[in-house]
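# Residue-level structural notes
Residue strings, one per chain:
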Amino acid sequence: MENKQIKLEYRQQLLDLLNKYPYPEWYERQDIRKKVEHLGMLLSKNKMDKCHPLKSGSIQVLTTQHIHDLLELGYTKKHICQAAGISKHEFSKLKITRKE
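Predicted model, so just to flag it, every value in this text is computed and none were measured.

Moving on to the overall build of the protein chain. What the protein chain contains, in helices and strands, is 7 helices and 0 strands. In sequence order, the protein chain lays out its α and β elements as α-α-α-α-α-α-α. Looking at the protein chain as a whole, 29% of its 100 residues are labelled buried. Of all intrachain contacts in the protein chain linking residues separated by at least 6 positions in sequence, the fraction that spans at least 24 positions is 58%.

So, on to the environment of Ile32. You can see Ile32 is positioned in helix H3 (residues 30-43). Sequence-wise, Ile32 and Leu18 are 14 residues apart; in three dimensions their C-alpha atoms are separated by 9.2 Å. Excluding anything up to four places from it in sequence, Ile32 contacts Leu17, Tyr21 and Trp26.

One pass over the full model with this rule turns up 3 aromatic pairs. Seen in terms of ring centroids, Trp26 and Tyr27 are 5.7 Å apart; in terms of plane orientation they differ by 90 degrees. Their pairing is edge-to-face. Classification of Trp26 as buried rests on a relative accessible area of 16%. The structure contains a cluster of three or more aromatic residues connected by ring pairs, namely Tyr23, Trp26 and Tyr27. When the ring centre of Tyr27 is taken as reference, the NZ or CZ atom of Arg33 above it lies at 4.8 Å.

Predicted confidence across the protein chain gives a mean pLDDT of 80, with 83% of residues reaching 70 or more. Helix H2 (residues 25-28) holds the highest mean pLDDT among the elements of the protein chain, 89, whereas helix H4 (residues 48-51) holds the lowest, 62.

A word on helix H5 (residues 64-73). Those residues of H5 that fall on the buried side of the exposure criterion are Ile67, Leu70 and Leu71. Angular distribution of buried residues about the axis of H5 spans 100 degrees; they occupy a single face of the element. Of the residues one or two after H5, Gly74 is the one with positive phi, at around 110 degrees.

Parameters at a glance
Residues numbered from 1 in each chain as written. Predicted model: local features only at pLDDT ≥ 70, side-chain atom pairs only at ≥ 80, totals over all residues. Heavy atoms only, no water. Helix = DSSP H or I, 4+ residues; strand = E, 2+ residues; numbered from the N terminus. Buried < 20%, exposed > 50% of the residue type's maximum accessible area, 1.4 Å probe, protein only. Contact = heavy atoms within 4.5 Å. Phe/Tyr/Trp six-rings, centres within 6.5 Å; stacked < 30°, edge-to-face > 60°. Lys NZ or Arg CZ within 6 Å of the ring centre and 35° of its normal. pLDDT = per-residue confidence, 0-100. Arc of directions from axis to C-beta.

Pasting the structure below:
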């Protein structure tokens, strides 16, 4: 799943929680607060390219699981391609293989 789609789902989950448990209720319930904080943390990981950049050529072996993990952390396709030294077309081939 693409990073933007994932973030959209996280935002929707967060809004659903906050609507269902308005402040201070969500804050006082430890289980709900942990979910809200976790979703907030996941949403804040959108600038990994800038705050924790990958060095060009730093990825020697790029597996589909590695791609998934990097996208989940908030790295963009462009940045992953640069770090792996592959073209966007090659990246697309890998992603298509993962979906099958």
